[in-house]
Amino acid sequence: MHAVEAIVTAFWAMLPAYVPNNAAVLAGGGRPIDGGRTWRDGNRLLGDGKTWRGTAIGTIAGAALAAALNAVAPAVSGAIGVPIPRFPPLALLTLPFGAMLGDILASFIKRRSGRERGAAFPLLDQLDFVVVALALTAGAVPGWFRETFTLTVVVVVLVLTPALHVLTNGVAYLLDLKDEPW
Ligand code: CTP
Ligand code: MG
Ligand code: K
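Residues numbered from 1 in each chain as written. Chains lettered and ligands numbered in written order. Predicted model: local features only at pLDDT ≥ 70, side-chain atom pairs only at ≥ 80, totals over all residues. Heavy atoms only, no water.

## Things to note about the site of ligand 1
In step 1: Lining the immediate environment of ligand 1, one finds 16 residues, of which Lys50, Thr51, Ser107, Arg117 and Gly118 sit closest.
In step 2: Side-chain polar atom of threonine 51 to an oxygen atom of ligand 1: 2.6 Å apart, as the coordinates give it.
In step 3: Protein burial of ligand 1: of its 570 Å² of free accessible surface, 89% is covered by the chains.
In step 4: If you list the elements that add at least two residues to the shell around ligand 1, you get helix H1 (3-27), helix H2 (52-80) and helix H3 (89-112). (Near = heavy atom within 4 Å. Polar contact = N/O pair within 3.5 Å; in protein donor to acceptor, adjacent residues only side chain to side chain. Areas by Shrake-Rupley, 256 points an atom, 1.4 Å probe, with all protein chains shown as cover. Helix = DSSP H or I, 4+ residues; strand = E, 2+ residues; numbered from the N terminus.)

See the structure below:
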């Protein structure tokens, strides 16, 4: 696979996993998933930063984006002269839902390590959602996953994602949408 194609594929195929967390920042609030419960260490299970509304709206936003990307894929692919992947119906859901789930699991780990809501955990913050989004998608649509996420594409994703994460969260912080720049 050509380098340009690998970069385009990595970015395009991961967009439905990138958007949910940002949508959750805008839409979050209301009842926390853990219902205020604490773990045996006395800390919150997940914390007030993981809400039902944020998770639902984040997942819906990512799935809607994936459907929109499928609709414009032929035109974009033709315009730039690079093949672009189409999301199968299941991937439409596993990419955004996996991203939200990864972020939730990361909060569980953060609380167990004594970090308060909003505390930074470098690398976990930047890659939690990628790992679970990819794992869930690999399990749900293995054929499409192997075809789309070649080793080169996965490497590009692992390098590109932390950079994009730092950039988008920094912008969200400067716009006062987020309390911390991570
Ligand atoms: N959010 C949400 N539901 C989610 C994820 C995020 O409602 N499943 C919203 C919350 O308002 C959260 C904000 O998006 O405060 C920012 O998300 P994030 O940085 O992941 O949460 P933090 O508040 O930093 O909490 P944590 O330390 O648990 O990551
Ligand atoms: Mg945070
Ligand atoms: K997070």
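## Examining the pattern of salt bridges
In step 1: Taken as a whole, this structure holds five salt bridges when the rule is applied.
In step 2: Arginine 44 is the partner of aspartate 34 in a salt bridge, and the nearest nitrogen-oxygen pair spans 2.8 Å. Of the two residues, aspartate 34 sits in the loop between H1 and H2 while arginine 44 sits in the loop between H1 and H2, which places them ten residues apart along the sequence.
In step 3: Aspartate 34 gets classed as buried once you look at its relative accessible area, which sits at 1%.
In step 4: Between lysine 50 and aspartate 103 there is a salt bridge; the shortest N-O distance is 2.7 Å. (Salt bridge = Lys/Arg side-chain N within 4 Å of Asp/Glu carboxyl O. Buried < 20%, exposed > 50% of the residue type's maximum accessible area, 1.4 Å probe, protein only.)

## So, unusual backbone geometry
Phi is mostly negative for residues that are not glycine, and the peptide bonds are mostly trans.
In step 1: Backbone geometry places leucine 123, a non-glycine residue, at a positive phi of 75°.
In step 2: Counting through the fold element by element, leucine 123 comes out in the loop between H3 and helix H4 (124-140).
In step 3: A positive phi angle is found at aspartate 176, which is not glycine, with a value near 70°.
In step 4: By the secondary structure assignment, aspartate 176 is in the segment after helix H6 (151-174).
In step 5: For aspartate 176, a relative accessible area of 69% puts it in the exposed group.

## Quick notes on a nonpolar patch on the surface
In step 1: A cluster of nonpolar side chains, contributed by Val25, Leu26, Leu167, Val171, Leu175 and Leu177, occupies part of the molecular surface with about 570 Å² of accessible area.
In step 2: The set of elements that each furnish at least two residues to the nonpolar patch consists of H1 and H6.
In step 3: As for its placement among the helices and strands, leucine 26 is situated in helix H1.
In step 4: Residue classification places leucine 26 among the exposed positions, given a relative accessible area of 62%. (Patch = residues over 30% accessible without salt bridge, like charges linked within 9 Å, V, L, I, M, F, W, Y side chains within 5 Å.)

## Side note on the nonpolar core
In step 1: Formed by 31 residues in total, the largest nonpolar core has its most connected members in Met14, Phe87, Val130, Trp144, Phe149 and Val157.
In step 2: Residue assignment for this core shows that the elements contributing at least two residues are H1, H2, H3, H4, helix H5 (142-148) and H6. (Core = buried A, V, L, I, M, F, W, Y, C linked by side-chain atoms within 4.5 Å.)

## Observations concerning H6
In step 1: The terminal C-alpha atoms of H6 lie 35 Å apart, and with 24 residues this matches the ideal 34 Å at 1.5 Å per residue to within 8%.
In step 2: At leucine 160, H6 shows its largest bend, some 25°, and a proline, proline 162, comes one to four positions later.
In step 3: Considered for burial, the residues of H6 that qualify are Val153, Val156, Val157, Thr161, Pro162, His165, Asn169, Gly170 and Ala172.
In step 4: Turning to H6, the residues buried within the fold contact H1, H4 and H5.
In step 5: Taken from the residues just after H6, aspartate 176 is the one with a positive phi, measuring 70°. (Expected span 1.5 Å × (residues − 1). Bend = angle between axes of the 7 residues up to and from the residue. Contact = heavy atoms within 4.5 Å.)

## Here we look at the UniProt feature "transmembrane region" (unreviewed entry) in the protein
In step 1: With numbering matched to this structure, UniProt assigns "transmembrane region" (unreviewed entry) to residues 60-84, 90-109 and 151-175.
In step 2: Helix makes up 100% of residues 90-109 and strand 0%, and the two end C-alpha atoms of the span are 28 Å apart. (UniProt positions renumbered as here; feature names shortened; annotations may be inferred.)

## Focus on the packing of aromatic side chains
For any pair of aromatic rings, the description rests on two quantities: the centre-to-centre distance and the angle between the ring planes.
In step 1: Tallied over the full model, the rule gives five aromatic pairs.
In step 2: Plain terms: the ring middles of tyrosine 18 and phenylalanine 129 are 6.2 Å apart, the flat faces sit at 70° to each other, and that makes the pair edge-to-face. One end of the pair, tyrosine 18, is in helix H1; the other, phenylalanine 129, is in helix H4, and 111 residues separate them in sequence.
In step 3: By relative accessible area, which is 3% here, phenylalanine 129 ends up buried.
In step 4: When the centroid spacing of 5.1 Å and the interplanar angle of 25° are considered together, the rings of phenylalanine 145 and phenylalanine 149 count as stacked. (Phe/Tyr/Trp six-rings, centres within 6.5 Å; stacked < 30°, edge-to-face > 60°.)

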